[in-house]
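Summary of structural features
Below, each chain spelled out in residue letters.
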Amino acid sequence: MRATPTLVRWLAGCLACFIVMATAGAARDYQLPTIGQPADAYMSPAKEDKLGRQVVSELLGRGMIIEDALLSEYVNQVGNRLVRHTSGNAGNFRFYVIDSAQVNAFALPGGYVGINAGLLTETDNESELAGVMSHEIAHVTQRHIARQIEATSGMGWATAAAVLLAAVAGGGDPDAISAAVAAGVSNLGQQQTNYTRSHEYEADRLGIRTLAAADYDPDAMSSFFAKMQRRARLYGTQLPQILLSHPVSTTRMAEAESRAADYGAIDVRESPQYALMKERARVLAGRQLSDLARYYENRRADGRPAPALDYGYALVLNRLGRNQEAADLLRPLARAHPDMLAYRLALAHTYSRAGQLATARRQLDAIRADFPDSAAAKLDYARTLIEAGEPGAARDYLLGETQLLASASEAQEMLARAASQQGRLGEAYYRQARFHEMRGAYAPAINQLRAALQTADLNAFDESRLRAQLDQIVRACHDAWSERECRERVNEDARPASTRPGSAR
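1. Some words on the sheet that holds strand S1 (residues 94–98)
Sheet strands line up and pair through hydrogen bonds in the backbone, either parallel or antiparallel. Here three strands make up an open sheet; going across it, the order is S1-S3-S2 and the pairing mixed. If you trace the sheet from one side to the other, it starts and ends with S1 and strand S2 (105–108), each paired once. On average, adjacent strands in this sheet sit at an angle of 20 degrees to one another, irrespective of strand direction. Pairing between S2 and strand S3 (residues 112–116): four bridges, direction antiparallel. Residue Phe106 lies in a different strand from S3, and its bridge partner there is Gly114. Sitting on the sheet, helix H5 (residues 126–141) touches S1, S2 and S3, and the angle it makes with S2 is about 25 degrees.

2. Section: unusual backbone geometry
Of note in the backbone geometry, Asp215 takes a positive phi value of approximately 65 degrees without being a glycine. Judged by its relative accessible area of 25%, Asp215 falls in the partly exposed class.

3. Comments concerning the packing of aromatic side chains
For any pair of aromatic rings, the description consists of the separation of the ring centres together with the inter-plane angle of the planes. Evaluated as defined, the whole model comprises five aromatic pairs. Summarising the aromatic geometry, the rings of Phe224 and Phe225 are spaced 6.3 Å apart at their centres and angled 65 degrees between planes, so their arrangement reads as edge-to-face. Across this residue pair, the class does not change: Phe224 and Phe225 are buried. When the centroid spacing of 4.9 Å and the interplanar angle of 75 degrees are considered together, the rings of Tyr381 and Tyr397 count as edge-to-face.

4. Here we look at the packing of helix H16 (residues 323–336) against helix H17 (residues 341–353)
The relative placement of two packed helices comes down to the angle between their axes together with the axis-to-axis distance. Put simply, H16 and H17 touch, their axes get as near as 9 Å, and they point 150 degrees apart. Between H16 and H17, the crossing angle belongs to the class labelled roughly antiparallel. Here the hand of the crossing between H16 and H17 comes out left-handed. When H16 is examined against H17, the residues Asn323, Ala326, Ala327, Leu330, Arg331, Leu333 and Ala334 are found in contact with a partner set consisting of Tyr343, Arg344, Ala346, Leu347, Thr350, Tyr351 and Arg353. In terms of residue class, the contact of H16 with H17 is made up of nine nonpolar, two polar and three charged.

5. So, helix H12 (residues 250–261)
Taking 1.5 Å of rise per residue, the twelve residues of H12 would be expected to cover 16 Å, and the 17 Å separating its terminal C-alpha atoms lies within 8% of that figure. Of the positions making up H12, those classed as buried are Arg252, Met253, Glu255, Ala256, Arg259 and Ala260. One side of H12 holds all its buried residues, which, seen down the axis, span an arc of 160 degrees. Of the exposed residues in H12, the ones pointing more than 90 degrees away from its buried face are Thr250 and Ala261.

6. Structural notes on the pattern of salt bridges
If you walk through the whole model with that rule in mind, you get 30 salt bridges. The closest approach of N and O atoms between Arg383 and Glu410, which form a salt bridge, is 2.2 Å. Of this pair, Arg383 sits in helix H19 (residues 375–387) while Glu410 sits in helix H22 (residues 409–421), and the two are 27 residues apart along the sequence. Residue classification places Arg383 among the partly exposed positions, given a relative accessible area of 22%. What you see here is one network of salt bridges that share partners, running through Glu58, Glu485 and Arg489.

7. Regarding the nonpolar core
Core analysis: the biggest nonpolar cluster contains 91 residues, and Leu82 and Tyr311 have the highest contact counts within it. In terms of nonpolar packing, the next biggest core, distinct from the first, is built from 20 residues, Ala443, Ile446, Ala456 and Trp481 among them.

8. Re the confidence of the model for the protein
Looking at the protein as a whole, its pLDDT mean stands at 83, while 77% of the residues score no less than 70. Across residues 1–38 the pLDDT falls below 50, and counting only partners more than four positions away or on other chains, this stretch makes 87 contacts in the model.

The rules we used
- Residues numbered from 1 in each chain as written.
- Predicted model: local features only at pLDDT ≥ 70, side-chain atom pairs only at ≥ 80, totals over all residues.
- Heavy atoms only, no water.
- Pairing = 2+ DSSP bridges.
- Helix = DSSP H or I, 4+ residues; strand = E, 2+ residues; numbered from the N terminus.
- Axes fitted to C-alpha atoms, helices over the stretch in contact; angles between N-to-C directions.
- Contact = heavy atoms within 4.5 Å.
- Buried < 20%, exposed > 50% of the residue type's maximum accessible area, 1.4 Å probe, protein only.
- Phe/Tyr/Trp six-rings, centres within 6.5 Å; stacked < 30°, edge-to-face > 60°.
- Parallel < 35°, antiparallel > 145°, perpendicular 65-115°, else oblique.
- Left-handed = near helix turned anticlockwise from the far one by under 90°.
- Nonpolar A, V, L, I, M, F, W, Y, C, P; charged D, E, K, R; others polar.
- Expected span 1.5 Å × (residues − 1).
- Arc of directions from axis to C-beta.
- Salt bridge = Lys/Arg side-chain N within 4 Å of Asp/Glu carboxyl O.
- Core = buried A, V, L, I, M, F, W, Y, C linked by side-chain atoms within 4.5 Å.
- pLDDT = per-residue confidence, 0-100.

Given below as structure tokens:
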């Protein structure tokens, strides 16, 4: 049975005490925190990271994060460009696109930032996207959640974690979670309201400074919120979600505009990939392919050149199985813009879907030569080798990409597929467990390894390797949760799916 709406609202009320929310009004002058504030007593940086990883693991397990290497590559490039101009460490931040049409974003403790697909598609330029991201980055670098916990009667980090995870579980989908969190604003007491108000102004101030330093338009943050305000008048009572979680007052808008003006003229640099990634997010988050097709057909009806719309439409045609039409759109784009990775990968993917695997492989060989650091290109190449019936070549290639294996769980899953096709069962189990482990899904990793050790025909090397891996993952599970909760999660995962809470009856 799913959590009831009443329970979700109650959890959201508690959750709102920990997630950084905004309200109207505040004084302009406030002090930035100094290192070693009392927040450390309630949530150390290590505990912040632990909580952030727990929530991301839950979101991944529920399919709430769009797992697309190219889109992920893009938002992390934008995010890291911003982080480099803050007090944060780019290596400590991770940016995710959330599979939700609502216009919103959030920052979790530890540097985990979620950008709803609906927000990306609502922006008009990369600076607007960067404006929202820089605001969320500031919440992390200033450790706002830890500071709010410290201000909330000394509520411990474990309680914050329990409430946050319960809200994720209870919401059921990203839209419901966002709505539940927003509904909790009304449950905040005045003291907490004043505290979160100052955090929002603090995030605005630092975010605008970061935008300017990173050569984005410092006006973009206020212009995006102003645009949302204007649209709110058309929505009536159904406000855009970002105005519920980040309410904007006239004072706050004027303050942001004034701060942006302090930086004068900026030589704004925006990536040409932005327009393509906006359409990619629209397609990947779309629920009805027929609606997406009509959207692009209507937008392209005037016949004016619109490469980004052509790209989005080609992605839809691919998903509809209309590969020849997709290729006809993509070929001239890839030929005219060889420096645009998105066009070339989409064309290679189109050939692969059409069964033209040799052509796809030639395309990907050229792409890897031109974009040697692209994880998306490497993963597409390995995937094509597997689809072409060359698991040995795929395995050899992936084993040589050690950085990719360390950072992309999908690469581990591909290795598992390749090993399985070769009859290397021990390696297949090992790689599939690594896939789960890298996503924080320790329970399925543990159960799979236990099953392998009990039933699989393993040689001495594989058996020893899997036992060592099992011990390591059990320890990681205990560290990530607790010994008791880890055991409960493992037992829950071992149950048939139809008997688990939340399953259809």
